[in-house]
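Here is how the chains run, residue by residue.
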Number of protein chains: 4
Amino acid sequence: MSVMSMDETRDFLDREFPQMNDGGRSYHLEAVGPLTARMRLDHHERFLRPGGTISGPAMMALADYALYAAILANLGPVALAVTTSLNFNFLRKPGMEGLIAECSLMKLGRRLAVGDVRITTRGSDDLVCHATGTYSIPPR
Amino acid sequence: MSVMSMDETRDFLDREFPQMNDGGRSYHLEAVGPLTARMRLDHHERFLRPGGTISGPAMMALADYALYAAILANLGPVALAVTTSLNFNFLRKPGMEGLIAECSLMKLGRRLAVGDVRITTRGSDDLVCHATGTYSIPPR
Amino acid sequence: MSVMSMDETRDFLDREFPQMNDGGRSYHLEAVGPLTARMRLDHHERFLRPGGTISGPAMMALADYALYAAILANLGPVALAVTTSLNFNFLRKPGMEGLIAECSLMKLGRRLAVGDVRITTRGSDDLVCHATGTYSIPPR
Amino acid sequence: MSVMSMDETRDFLDREFPQMNDGGRSYHLEAVGPLTARMRLDHHERFLRPGGTISGPAMMALADYALYAAILANLGPVALAVTTSLNFNFLRKPGMEGLIAECSLMKLGRRLAVGDVRITTRGSDDLVCHATGTYSIPPR
């Protein structure tokens, strides 16, 4: 089990990052677990590139957000954890659908958390984007 | 000199990515040159984190966009160049100001273009974020 | 099944990179499969840091080599595929043992192959290092 | 000025990483300065790929080592700083010569140091490889 439940994690994210859902809720926390989190991004007009697929920057925001949710859920409310690095490989054009980001933490240390995020088009197993990222955790 | 002028590059970006400036123009191409481009992002409410500084995802979008502008200006209009990888190091919290992204291409090959992007707060020399990225260039 | 068998892949690697095994064979291809390869690195004195654990550069060579093996096995003999980018997260100090690198290709396109590599200490499930990498595949 | 002189830095590296120069000295610290270091790698048979150019893994070791030297010179002797991430873009095949790595630290904080490394063939300005890396600095 994670330290915070899915509802606690989502409420914390909503309070801390209200602007993520400006213009209507588009990022949906779907699950949290031991060292994991899953987040969905709706296929909404304001995230699209010409052609109708979700843009790279919207995927990058999704990956960062999913990673943050996994850390939060497993560490408890640490509002000040900050991203120190992110690395993305864009593998395929997404489909005309929302995206699912599955985050798995590879390390949750006292000072650094490192995770990877696999983004697929909803309803498909094909990887659209793979990300790895590091957060710095403040001293407690 | 670059292949396309700054005005030509900006017009092409505006036509191709109209959604970048949804809600008002915030990304401003400031210069293009041989293997370089500079882009500015305004300090606008919709890019801010709590605390009033520009968010990580807004910086990532800026870096990707600056890299694309540098490739476009130096290769001519290749609408289909696609990002294949991006890597970010977040170094300092930005100031309460807009951001400047200076992109420099390290390689502009037939198949791949690779560049780095240095993001500073407007009016300061301190690096806020450093990015490197690769675009795949379609066969012509 | 992969295109080349494990023996074919290993023989090709031996011919192409004889210097990998200078001073005695230390890198051992253990398996190849559909989009995968597994390689082992012995715990040999010439790869050690003070303290007796395998060094970062030896792990980086291992990851690069495992990725190459996975591409080779799944594409057939393409001696000229070249690494274009590699990204590493070092997660824990390895144990006093050899290392196992499990590579999985996330994309095997006509021009680019992208994979991730998970390195563990032999006999343990803890990730020591995670890598992602891209190879450029020459036109055929 | 850096905290340690070039001679002090080199002596420290030699004591700490004697195995870097197994088989004869090949890595040469050429300069240290405020947030910078320069290191040279000889064009020696044991680093070569077929074709006679220096291999990717040898370049990765060089970049990591140059980054470590820059941190050491600017922080004083901190033997326990450890690499947490490294990212490489391989841009061109090197020439039939030694390589020069110029490292510049973009951040030297209390907990993390981040730098970039530009590798060129000796006597040329063309970038062969670009690296960025992060070291974790132990509490003092």
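Everything that follows concerns the structure shown earlier in this document.
Residues numbered from 1 in each chain as written. Chains lettered and ligands numbered in written order. Predicted model: local features only at pLDDT ≥ 70, side-chain atom pairs only at ≥ 80, totals over all residues. Heavy atoms only, no water.

1. Points about the pairing of strand E1 (residues 27-33) of chain B
Within a regular strand, side chains alternate between the sheet's two faces. Counting buried positions over the seven residues of E1 of chain B gives five, a clear majority of the element. Taken together, E1 of chain B and the strand that follows it, strand E2 (residues 36-41) of chain B, pair antiparallel across an intervening segment of two residues, in which Leu35 of chain B is found at a positive phi of about 65°. (Buried < 20%, exposed > 50% of the residue type's maximum accessible area, 1.4 Å probe, protein only. Helix = DSSP H or I, 4+ residues; strand = E, 2+ residues; numbered from the N terminus. Pairing = 2+ DSSP bridges.)

2. Here we look at the interface of chain B and chain A
Across the boundary between the two partners, chain B contributes 18 residues, which contact 18 residues of chain A. Across the chain B to chain A interface the summed buried area is about 1700 Å²; carbon plus sulfur atoms make up 54%. Applying the counting criterion to the chain B and chain A interface returns zero salt bridges. For the side of chain B that touches chain A, the elements supplying multiple residues, two or more each, are helix H2 (56-75) and strand E3 (82-90) of chain B. (Contact = heavy atoms within 4.5 Å. Buried area = accessible area lost by both parts, 1.4 Å probe. Salt bridge = Lys/Arg side-chain N within 4 Å of Asp/Glu carboxyl O.)

3. Structural notes on the relation of the copies chain B and chain A
Both copies of the chain are related by one operation, a rotation about an axis with a shift along it. For the pair chain B and chain A, the best superposition has an RMSD of 0.0 Å and corresponds to a rotation of 180° with a translation of 0.0 Å parallel to the axis. Here the copies are linked by what is in effect a two-fold axis. Measuring from the rotation axis to each C-alpha of chain B, the shortest distance belongs to Asn87 of chain B, at 2.1 Å. Most of the interface of chain B is mirrored in chain A, where 100% of its interface residues are also at the interface. (Least-squares fit on C-alpha atoms with pLDDT ≥ 70 in both.)

4. Notes on the relation of the copies chain A and chain C
When chain A is fitted onto chain C, the two copies agree to an RMSD of 0.0 Å after a turn of 180° and an axial shift of 0.0 Å. When the interface residues of chain A are mapped onto chain C, 100% of them again fall at the interface, so both copies present the same face.

5. Notes on the pairing of E2 of chain B
All names here are of chain B. Both E1 and E2 contribute to a ladder of six bridges, which runs antiparallel. Paired with Tyr27 across the bridge in E2 is Leu41. Bridge analysis of E2 against strand E4 (residues 99-108) gives six bridges, and the strand direction is antiparallel. Residue pairing in the sheet places Arg38 in a bridge with Glu102 of E4.

6. A look at the sheet that holds strand E5 (residues 112-121) of chain B
Spatially, twelve strands are ordered E1(A)-E2(A)-E4(A)-E5(A)-E6(A)-E3(A)-E3(B)-E6(B)-E5(B)-E4(B)-E2(B)-E1(B) in an open sheet, and the strand pairing comes out antiparallel. Lying at the two open borders of the sheet, with one neighbouring strand each, are strand E1 (27-33) of chain A together with E1 of chain B. For this sheet the average axis-to-axis angle between neighbouring strands, irrespective of direction, equals 20°. Taken together, the nine bridges between strand E5 (residues 112-121) of chain A and strand E6 (residues 127-136) of chain A define a ladder with antiparallel strand orientation. Across the sheet, residue Arg118 of chain A finds its bridge partner in E6 of chain A, namely His130 of chain A. (Axes fitted to C-alpha atoms, helices over the stretch in contact; angles between N-to-C directions.)

7. What to know about the pattern of salt bridges
All names here are of chain B. A full pass over the atoms with the stated rule returns 32 salt bridges over all chains. Where Arg38 meets Glu30, a salt bridge forms, and the shortest distance between an N and an O atom there is 2.9 Å. Residue classification places Glu30 among the partly exposed residues on the basis of a relative accessible area of 23%. A salt bridge links Asp116 to Arg118, with the shortest nitrogen-to-oxygen separation between them at 3.8 Å.

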